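Given next are the chains, with one letter for each unit.
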Amino acid sequence: MDRLKNKVALITGGARGLGASIASHFFKEGANVILCDVNIDDATKKAKELNGSAYYMDVSDSVNVIEIFKKVKLEYKKLDILVNNAGINGFEDREDLLTDRIKVNNLQSKEFAETGKIKSHFDVTVNMSDEEWHKMISIHLNGTFFCTREALKIMNNQQQASIINMGSVLGTTGGPSSPHYSAAKSAILGFTRATARELASRKIRVNAIAPGYIDTDMTNSLGDVKKIVKSVTPMKKFGTPDDIAWAAVYLASDESKFVTGQTISPNGGFVMSQ
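Fair warning: this is a prediction, and the values are worked out from it, not measured in the lab.

K.L.:
Before we move on, can you summarise the overall build of the chain with the specific residues and values?
P.N.:
Summing up its helical and strand segments, the chain has 11 helices and seven strands in all. Here the chain has a C-alpha radius of gyration of 19 Å; the compact-globule value for 274 residues is 19 Å, and the two agree. Buried residues in the chain amount to 50% of all 274 residues. Within the chain, contacts between residues at least 6 apart in sequence are counted, and of these 71% link residues at least 24 apart. As displayed, the chain offers around 13300 Å² of accessible surface, 52% of which is attributable to carbon and sulfur atoms. Averaging the locations of the 34 positively and 31 negatively charged side chains of the chain gives two centres separated by 6 Å.

This is the structure in structure tokens:
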């Protein structure tokens, strides 16, 4: 208790899933929480539970981001913690990609076992539209940059703050059906290290969390792909939002006061199988 007492924390994508869990854990540890999301109804409902605030924020819209951070500065006067969590997985309206992934995985295994050659291919990159690519990069990478830039306009004079960026194991391992997601998450990890070096002189720590596969609304759409992921994960299961939230509490608290530029990856051992 009270690990984040009187801290002001802003969480993007805070309406549901990992963001909501992080917000709940921050609140229990004494923080004042601000939830930002395009899903303003759920964000408002969650904020009321946590005696916090909610704002509509499209992290890919720099004008919107600037507007909200100005409001936060006026209302709270400071910002101790920023969690850049907002994101999409790219499968929201593309169930066909999930079906194809399972089909191609099975065909490749069968073909190689029978003939030693592979004739079936994913072909995700060659068929990806500009819109799909730009949307992923805009929300994940641009959003992380826009929010960090505006947060620093509040944090820079405080001489103490923590920024937590949400990466992914796919940012290091890559995903055969997620080149845009993998690219965005990999870039976020690089951005984390660069800003950690830049901001150390101001005593602002920047770290990342790179979750493995976690049971959330975002992964509920994965269907039978879950079975494949669990089979190659040493712990044979998905993680829970709590697994990520506790990592965020650690990185936001003074317990990690000597930690910056690092990536914590709760993934059940998934990366060891890649």
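After that view of the structure, there is still more to cover.
K.L.:
Describe the state of the cysteines, naming the residues involved and giving the relevant values.
P.N.:
Across all of its chains, the model carries zero disulfides by this definition. Lacking any disulfide linkage, Cys 36 is separated from the closest cysteine sulfur, that of Cys 147, by 7.3 Å. Judged by its relative accessible area of 0%, Cys 147 falls in the buried class.

K.L.:
Describe the pattern of salt bridges, and please don't skip the residues or the numbers.
P.N.:
Counted under the stated rule, the structure contains six salt bridges. In this structure, Asp 80 and Lys 78 form a salt bridge, with 3.2 Å as the shortest nitrogen-oxygen distance. Close ionic contact of Lys 153 with Glu 150 constitutes a salt bridge, the shortest N to O distance being 3.0 Å. Of this pair, Lys 153 and Glu 150 are both found in helix α6 (residues 130–155), three residues apart, which corresponds to roughly one turn of the helix. Each member of the salt-bridge network shares a partner with another, and the members are Arg 149, Glu 150 and Lys 153.

K.L.:
Tell me about the side chain of Lys 7, residues and numbers included.
P.N.:
Mapped onto the fold, Lys 7 is located in the segment before β1 (8–12). Buried within the structure, Lys 7 lacks any salt-bridge partner; its nearest side chain of opposite charge belongs to Asp 254, at an N-O separation of 4.4 Å. Sequence-distant contacts of Lys 7, that is, excluding residues within four places in its chain, are made with Gly 30, Ala 31, Asn 32, Asp 80, Ile 81, Gln 160 and Asp 254.

K.L.:
Now, about unusual backbone geometry: what can you tell me, with residues and values included?
P.N.:
Even without a glycine there, the phi angle at Asn 51 is positive, about 55°. Tracing the backbone through its elements, the reader meets Asn 51 in the loop between α2 (40–49) and β3 (53–56). Classification of Asn 51 by relative accessible area gives exposed; the value is 65%. In this structure, Lys 77 is a non-glycine residue whose phi angle is positive, near 70°. By secondary structure assignment, the location of Lys 77 is in the loop between α3 (62–76) and β4 (81–84). Exposure remark for Lys 77: the relative accessible area of 64% places this residue in the exposed category.

K.L.:
Give a description of the pairing of strand β5 (residues 161–166) that names residues and reports values.
P.N.:
Counting buried positions over the six residues of β5 gives six, a clear majority of the element. Of the two faces of β5, both are covered, the one formed by Ala 161, Ile 163 and Asn 165 as well as the one formed by Ser 162, Ile 164 and Met 166. When β4 meets β5, the two strands line up parallel, connected through four bridges. Bridging across to β5, Ile 81 finds its partner in Ser 162.

The rules we used
Numbering of residues starts from 1 in every chain and runs along the sequence as written. Predicted model: local features are reported for residues with pLDDT of at least 70 only, side-chain atom pairs are reported and counted for 80 or more only, and whole-chain, interface and lining totals are derived from all residues. Calculation of side-chain values draws on the structure's entire complement of heavy atoms; hydrogens and water are dropped beforehand. Here a strand is any run of E in DSSP of at least two residues, a helix any run of H or I of at least four, and the numbering for each starts at the N terminus. We compute the radius of gyration from the C-alpha atoms alone; for a globule the expected value is 2.2 Å times N to the 0.38, where N is the number of residues. In this scheme, a residue with accessible area under 20% of its type's maximum is buried, one over 50% is exposed, and one in between is partly exposed, where area comes from a 1.4 Å probe on protein chains only. Contacts are assigned to residue pairs that have any heavy atoms within 4.5 Å of one another. In this description, accessible areas are obtained by the Shrake-Rupley approach with a 1.4 Å probe, and a residue is regarded as covered only by the protein chains that are shown. Neither His nor the chain termini are counted; the positive set is Lys and Arg, and the negative set is Asp and Glu. By convention, the charge on Lys lies at NZ, on Arg at CZ, on Asp at CG and on Glu at CD. Two cysteine sulfur atoms make up a disulfide if the distance between them is within 2.5 Å. The working definition used for a salt bridge is a side-chain nitrogen of Lys or Arg within 4 Å of a carboxyl oxygen of Asp or Glu. Two strands qualify as a pair provided DSSP detects at least 2 bridges between them.

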